Amino acid sequence: TLVFRAIFLQLLSISNAARALGIVVDAQLRMIFARHHTLAWRRWLDYLISSFPTLVWLSMLSVLLLYVIEIYHRSQLRRAPLLRPTFAFINAVFYLLYATFS
């Protein structure tokens, strides 16, 4: 329906705006911490901070996906009681994996 498309486009716009804001924040943080870091944890932190916009963007996309799946289940008159906790758990696992492997 038209309302569903409008809401989806609004959420997608919010997702892209969050990514753009994250990229600007990343650029500002890089300007502040422009000196060379020789410590390993500072390089890891710099890498994590530089990838923060992408992580925020992917989180917003997962929220959009959750929204679309919920709408689909409601339109089919099905119940999905553990859908939100499952999405939250999967996001947390991916964040932990990303922080571990970076």
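Since the structure is predicted, the reported quantities are computational estimates derived from the model, not experimental observations.

(A) A look at the overall build of the chain. Looking only at helices and strands, the chain has 4 helices and 0 strands in total. Put simply, the chain runs from its N terminus to its C terminus through helices and strands in the order α-α-α-α. Within the chain, the fraction of its 102 residues that count as buried is 16%. Within the chain, contacts between residues separated by at least 24 positions form 69% of all contacts whose residues are at least 6 apart in sequence.

(B) Spotlight on the layout of surface pockets. If you add up the space inside the largest pocket, you get close to 240 Å³. Around the largest pocket, the lining is made up of 13 residues, and of these L58, S59, N91, F94 and Y95 lie nearest the centre. Taken together, the residues of the lining of the largest pocket break down into 8 nonpolar, 5 polar and no charged.

(C) Summary view of unusual backbone geometry. One non-glycine residue with positive phi stands out, namely L77, at about 60 degrees. Tracing the backbone shows L77 in the loop between α3 (52-75) and α4 (83-101). Judged by relative accessible area, L77 falls into the exposed class, the value being 79%.

(D) Region of interest: the pattern of salt bridges. On inspection of all chains with the given rule, the structure shows 1 salt bridge. Between E70 and R84 there is a salt bridge whose closest N-O contact spans 2.7 Å. Here R84 lies in helix α4 and E70 lies in helix α3, a separation of 14 residues in the sequence. E70 gets classed as buried once you look at its relative accessible area, which sits at 13%.

(E) Here's a closer look at α3. In this model, α3 (24 residues) spans 35 Å end to end at C-alpha, consistent with the 34 Å of a helix rising 1.5 Å per residue. Buried within α3 are the following residues: P53, L55, S59, S62, L64, L66, E70 and H73. The positive-phi residue at the C-terminal boundary of α3 is L77, with phi of around 60 degrees.

(F) View of the confidence of the model for the chain. Taken as a whole, the chain shows an average pLDDT of 78; of its residues, 88% reach a score of 70 or greater. Averaged pLDDT values for the elements of the chain fall to 71 in helix α2 (residues 40-50) and rise to 84 in α4.

(G) Inspection of the packing of helix α1 (residues 2-32) against α3 at higher detail. Orientation of α1 relative to α3, taken along the N-to-C sense of each, is 170 degrees, at an axis distance of 8 Å. Taken together, α1 and α3 sit at an angle that is classed as roughly antiparallel. Taken together, the residues of the contact of α1 with α3 break down into 17 nonpolar, 4 polar and 2 charged.

(H) Region of the structure containing the environment of R84. Of the residues examined, R84 reaches a relative accessible area of 52% and is grouped as exposed. Linking R84 and L66, residues 18 residues apart in sequence, is a C-alpha distance of 7.4 Å. Those residues within four positions of R84 in sequence are excluded, and the remaining contacts are L66 and E70. Side-chain polar atoms of R84 contact the side chain of E70, separated by 2.7 Å.

Parameters and conventions
- Residues numbered from 1 in each chain as written.
- Predicted model: local features only at pLDDT ≥ 70, side-chain atom pairs only at ≥ 80, totals over all residues.
- Heavy atoms only, no water.
- Helix = DSSP H or I, 4+ residues; strand = E, 2+ residues; numbered from the N terminus.
- Buried < 20%, exposed > 50% of the residue type's maximum accessible area, 1.4 Å probe, protein only.
- Contact = heavy atoms within 4.5 Å.
- 1 Å grid on protein atoms, 1.4 Å probe; cavity = no way out; pocket = protein on both sides within 12 Å on 5 of 7 lines; lining within 4 Å.
- Points joined across faces, edges and corners; volume = space filled by probe spheres on them.
- Nonpolar A, V, L, I, M, F, W, Y, C, P; charged D, E, K, R; others polar.
- Salt bridge = Lys/Arg side-chain N within 4 Å of Asp/Glu carboxyl O.
- Expected span 1.5 Å × (residues − 1).
- pLDDT = per-residue confidence, 0-100.
- Axes fitted to C-alpha atoms, helices over the stretch in contact; angles between N-to-C directions.
- Parallel < 35°, antiparallel > 145°, perpendicular 65-115°, else oblique.
- Polar contact = N/O pair within 3.5 Å; in protein donor to acceptor, adjacent residues only side chain to side chain.

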